[in-house]
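# Summary of structural features
One-letter residues, chain by chain:
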There are 2 protein chains.
Amino acid sequence: MIDKLVEKIKKTNAPIEVGLDPMLSYVPDFVKEKAYKELGETLEGAAEAIWQFNKAIVDATYDLIPAVKPQIAMYEQFGIPGLIAFKKTVDYCHEKDLIVIGDIKRGDIGSTSGAYATGHLGKVTVGSKSYYGFDEDFVTINPYMGTDSVQPFIDVAIPEKKGMFILTKTSNPSSGEFQDRLVDGRPLYELVAEKVVSWGEQHMGKCGYSYVGAVVGATYPEMGAVLRKLMPKSFILVPGYGAQGAKGSDLTNYFNEDGLGAIVNSSRGIIAAYKQPKYEKFGAAGFADAARAAVIDMQQDIASALK
Amino acid sequence: MIDKLVEKIKKTNAPIEVGLDPMLSYVPDFVKEKAYKELGETLEGAAEAIWQFNKAIVDATYDLIPAVKPQIAMYEQFGIPGLIAFKKTVDYCHEKDLIVIGDIKRGDIGSTSGAYATGHLGKVTVGSKSYYGFDEDFVTINPYMGTDSVQPFIDVAIPEKKGMFILTKTSNPSSGEFQDRLVDGRPLYELVAEKVVSWGEQHMGKCGYSYVGAVVGATYPEMGAVLRKLMPKSFILVPGYGAQGAKGSDLTNYFNEDGLGAIVNSSRGIIAAYKQPKYEKFGAAGFADAARAAVIDMQQDIASALK
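Below: a short report on this structure.

Between chain B and chain A, the contact holds 70 residues from the first and 70 residues from the second. For the pair chain B and chain A, the summed buried surface comes to about 5800 Å²; carbon and sulfur atoms form 62% of the total. Area buried by chain B at its contact with chain A is led by B:E41, B:Y144 and B:F178, which between them contribute 16% of it. With its nearest N and O atoms 4.0 Å apart, the salt bridge here joins A:E177 to B:K195. There are 31 residue pairs in polar contact (both at pLDDT 80 or more) connecting chain B and chain A. For the side of chain B that touches chain A, the residue count by class is 33 nonpolar, 25 polar and twelve charged.

Okay, here's the thing in structure tokens:
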């Protein structure tokens, strides 16, 4: 999958993933009304609305992008019906040949991490049969519990040729509270980065990048530059572009000389583009076209920054 | 809920929670065979087996204990059907008046943490209606992303009179990799503990304990003693008893002078007790009775250690 990711990035010239994080407030009224008419103002109705919203966004953008990153929390908030919409979204994106990065930020002790890994990347055995649970291609992982919480993900992912991104330096304002604290004179996120390298070095794709990557927020470009050098063969998933404030010019630090090594996420900035003045001409009815226009603009912004 | 937790601990004299972490390998063959006969060797069949297993364990132990802690990973590995079994388990435990601690170890940036909090502790709004998603009473949270990842859980939990436990020092062998690293001469887990105190100090129950507690593994009793003193008003959720190696005598450090302040989890040691030589007389058919016997033994082990 890391090879497929690199191939698809080269083909689209778009190191971009669309964050499928459908807050109900992003979904145009006409989509919600249709879903509620059919299923009521219920969890099922909400799930139908976000699924139809996602489907339209995917249909309008899939040819431009290599990957999507559905944020499972946005589905989990609607309980079981929401998670059914998550699974439908994952499956539909696979039909469209998109790589699916499940933004799940899981992590637990050994056998429990193994269960998460099984559910999201691998197959679970039931009697003489086995089944995929959610079947993403990559997941995000929280490293706070250390190697024995990450290793089970590697053990499950590698035989499936799937991968993961480890939270290293996150994009949020409070991320420094623990991540920036100095350990032997160096910030904790650098120690995590060193572990990302050691976890991944035995698991390299043919493209020269590892199946084990890192999450580093676009909102901290100086730290991004340091982390890029510390983890030359780790792909970096970069959240924080657009709505969180980062621009194309902030992103150059996250890429290698080969123009690769990073994939930049935008969620709100794309899926709710129609709510921005820049794209208001599309109107709510044109929300999917607005998303397509926003992807094209983002692609150009990043391409010109990388020139 | 923190008040209810303390009341129920006093009433049962059992600062114990049963970890409902039903690996399929713990479920006796006759339970699995019945479920597979009905629903096939499918995800639905597996989910039915773990649900029936859980129900029998809860029926056999609910009068002895204040709380259960279902580990969502063990359900998530079976995809949607597994999560339906998780929700059925949560609801059934509420019917039995048990406090449900959702061991979900979630954590993300602001609005995304808010979505997790909504899904697990609060109500989500759909049009003019609102609904609980999973509706646990407490959840566990990963603090790596800092205050703005924890605050949304507090914002949702407090109006619902629900609470949370923050991963501070976890029970697994690798937990020291990051958690023990020295920051200004002090281990990172102490910094997390100080944040637990500050996050919780505005949110105190009538019992004198905060709605914001901490997870500290039983496998590190010396650190437990330090953390107990650092967080005198925070309840401590203590995993690691039994199968992970800790005994009653390791636990005294986690309690305050009032005999309160901690709740000890055992999962495998109780739900798969029938597989231990000590309880083999119950046989697979008596797995629930074996669980009850193991709860009674655990209660006595802890009570005599606390004397």
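On to unusual backbone geometry, then. Residue and element names in this part refer to chain A. Even without being a glycine, N13 presents a positive backbone phi close to 50°. Mapping N13 onto the fold places it in the loop between helix 1 (2–12) and strand 1 (16–18). Phi at D135 is positive, roughly 65°, even though this residue is not glycine. As for its position among the elements, D135 is in the loop between strand 5 (129–132) and strand 6 (138–141).

Right, let's talk about the pairing of strand 10 (residues 212–216) of chain A for a bit. Walk down a regular strand and you will see the side chains alternate between the two sheet faces. Residues and elements named next belong to chain A. Where burial is concerned, most of strand 10 is hidden: five out of the five residues are buried. On strand 10, burial covers both faces: V212, A214 and V216 on one face and G213 and V215 on the other are all buried. Pairing of strand 7 (residues 163–169) with strand 10, which is carried by five bridges, proceeds in the parallel orientation. By the bridge assignment, I166 is partnered in strand 10 with A214.

Definitions and limits used
- Residue positions are given per chain, counting from 1 as you read along its sequence in written order.
- Ligands are numbered from 1 and chains lettered from A, in the order in which they are written.
- Predicted model: local features are reported for residues with pLDDT of at least 70 only, side-chain atom pairs are reported and counted for 80 or more only, and whole-chain, interface and lining totals are derived from all residues.
- Side-chain metrics rest on all non-hydrogen atoms present in the structure, leaving aside hydrogens and water.
- Any pair of residues with heavy atoms lying within 4.5 Å of one another is described as a contacting pair.
- Buried area, as used here, totals the accessible surface that two parts lose on assembly, with accessibility defined by a 1.4 Å probe and the loss added over both.
- When a carboxyl oxygen of Asp or Glu lies within 4 Å of a side-chain nitrogen of Lys or Arg, that pair is called a salt bridge.
- Within 3.5 Å is the distance limit for a polar contact, defined as a pair of N or O atoms, with the added protein rule that one can donate a hydrogen and the other accept it, and that residues adjacent in sequence qualify only through two side-chain atoms.
- Any residue outside Ala, Val, Leu, Ile, Met, Phe, Trp, Tyr, Cys, Pro, Asp, Glu, Lys and Arg is labelled polar, Gly included; the first ten of those are nonpolar and the last four are charged.
- Each helix is a run of H or I in the DSSP string that is no shorter than four residues. Each strand is a run of E no shorter than two, and both are numbered from the N terminus.
- Partly exposed residues are those whose accessible area sits between 20% and 50% of the maximum for their type, while under 20% is buried and over 50% is exposed, using a 1.4 Å probe and protein chains only.
- Strands are labelled as partners when DSSP assigns at least two bridges between them.

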